[in-house]
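Chain residues, written in single-letter form:
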Amino acid sequence: MSETRPDLPAPQTLAVGSGDEQRTIAFRHRTATDAAAPGLVWLGGFKSDMDGSKALALDSYAEHCGLGFTRFDYSGHGLSRGSFLDGTISRWLDEAEAVVRATSGADDRRILVGSSMGGWLALLLNRRLRQSGGPQIAGLVLIAPAVDMTADLMWDEMSEASRAELRSTGRLEKPSDYSDEPYILTLGLIEDGKQHLFGSALIETGCPVHILQGALDTDVPPPHALKLASQMPLDDVVLSLIPDGDHRLSRPQDLQRLTRSIDTLLEGIAG
């Protein structure tokens, strides 16, 4: 859920894609006063935006610590242009990469902080940047990471009737726990997601990873995070299971856990 911040300047914009595929992405970028420390990049969840409570808490934290901080809205989300129904993992990953590259120098380091779907995108973006070159990812903080969500948490959880409806109409309405309006899943989202699945393969990030998972999370159940942690045996992985935490992890104590995780990463990087 977004919060009103009248002191925030108008966001910057970035054109991503070309021709009919071009969309205007809104982002906010805080310049670092501590140039030696890695900057933070926020990757929000499905149907969320860059002015939600966790993103604003990180903005205040970055300001206090002198860290650079970048946050943005995927196309079809928040202040960015485009239709949500055109959204796919491929499109949103391209947008995340474009924003990170546009706000980073060649030698810059970044810590990616991804929530829910943003956790999946953070892992995908880290892999892409390691393969293609670009800003170095110095750490990952994943909040209830919905890795492989289009398969494991959407398609596999549907009834046969829902799958038939999605195949025949190309869309499926699902009730939302966070809004009176249902959210819409598209066949395009499900089909596109197949090319980005990690499945049961080993994942090597090349950096320390902190996972924050609520034990009461019904959207991304704890076993999902445990499986992910087991797939990263080559990395320094810390999994924090929060006994009374839900999917949002937006309570004051949850936000403190989030910033403490970043503190720990920064201490390790500096050491």
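Here, the structure is the one placed above.
Residues numbered from 1 in each chain as written. Predicted model: local features only at pLDDT ≥ 70, side-chain atom pairs only at ≥ 80, totals over all residues. Heavy atoms only, no water.

### Describing unusual backbone geometry
Piece 1. Positive phi values are uncommon outside glycine, yet Lys47 reaches one of about 70°.
Piece 2. With respect to the element layout, Lys47 can be found in the loop between strand S3 (39–43) and helix H1 (53–65).
Piece 3. With a phi close to 60°, Asp148 is a non-glycine residue in the positive phi region.
Piece 4. Counting through the fold element by element, Asp148 comes out in the loop between strand S6 (136–143) and helix H4 (149–154). (Helix = DSSP H or I, 4+ residues; strand = E, 2+ residues; numbered from the N terminus.)

### Let's talk about the nonpolar core
Piece 1. Counting 47 residues, the largest nonpolar core has Leu43, Phe46, Ile89, Trp92, Leu121, Leu123 and Leu140 as the members making the most contacts within it.
Piece 2. When residues of this core are assigned to their parent elements, the largest contribution, 8 residues, is made by helix H3 (residues 117–132).
Piece 3. In this structure Leu140 touches Leu112, Ala122, Leu123, Asn126, Thr205, Cys207, Pro208, Val209, His210 and Leu265, once residues within four positions along its chain are discounted.
Piece 4. By size, the runner-up hydrophobic cluster in this structure holds 20 residues, among which are Trp42, Leu58, Ile242 and Leu265. (Core = buried A, V, L, I, M, F, W, Y, C linked by side-chain atoms within 4.5 Å. Buried < 20%, exposed > 50% of the residue type's maximum accessible area, 1.4 Å probe, protein only. Contact = heavy atoms within 4.5 Å.)

### Section: the side chain of Thr205
Piece 1. With respect to the element layout, Thr205 can be found in the loop between helix H6 (187–193) and strand S9 (209–214).
Piece 2. Look at Thr205 and you get buried, because its relative accessible area is 2%.
Piece 3. At 2.9 Å, the side chain of Thr205 forms a polar contact with the backbone oxygen of Cys207. (Polar contact = N/O pair within 3.5 Å; in protein donor to acceptor, adjacent residues only side chain to side chain.)

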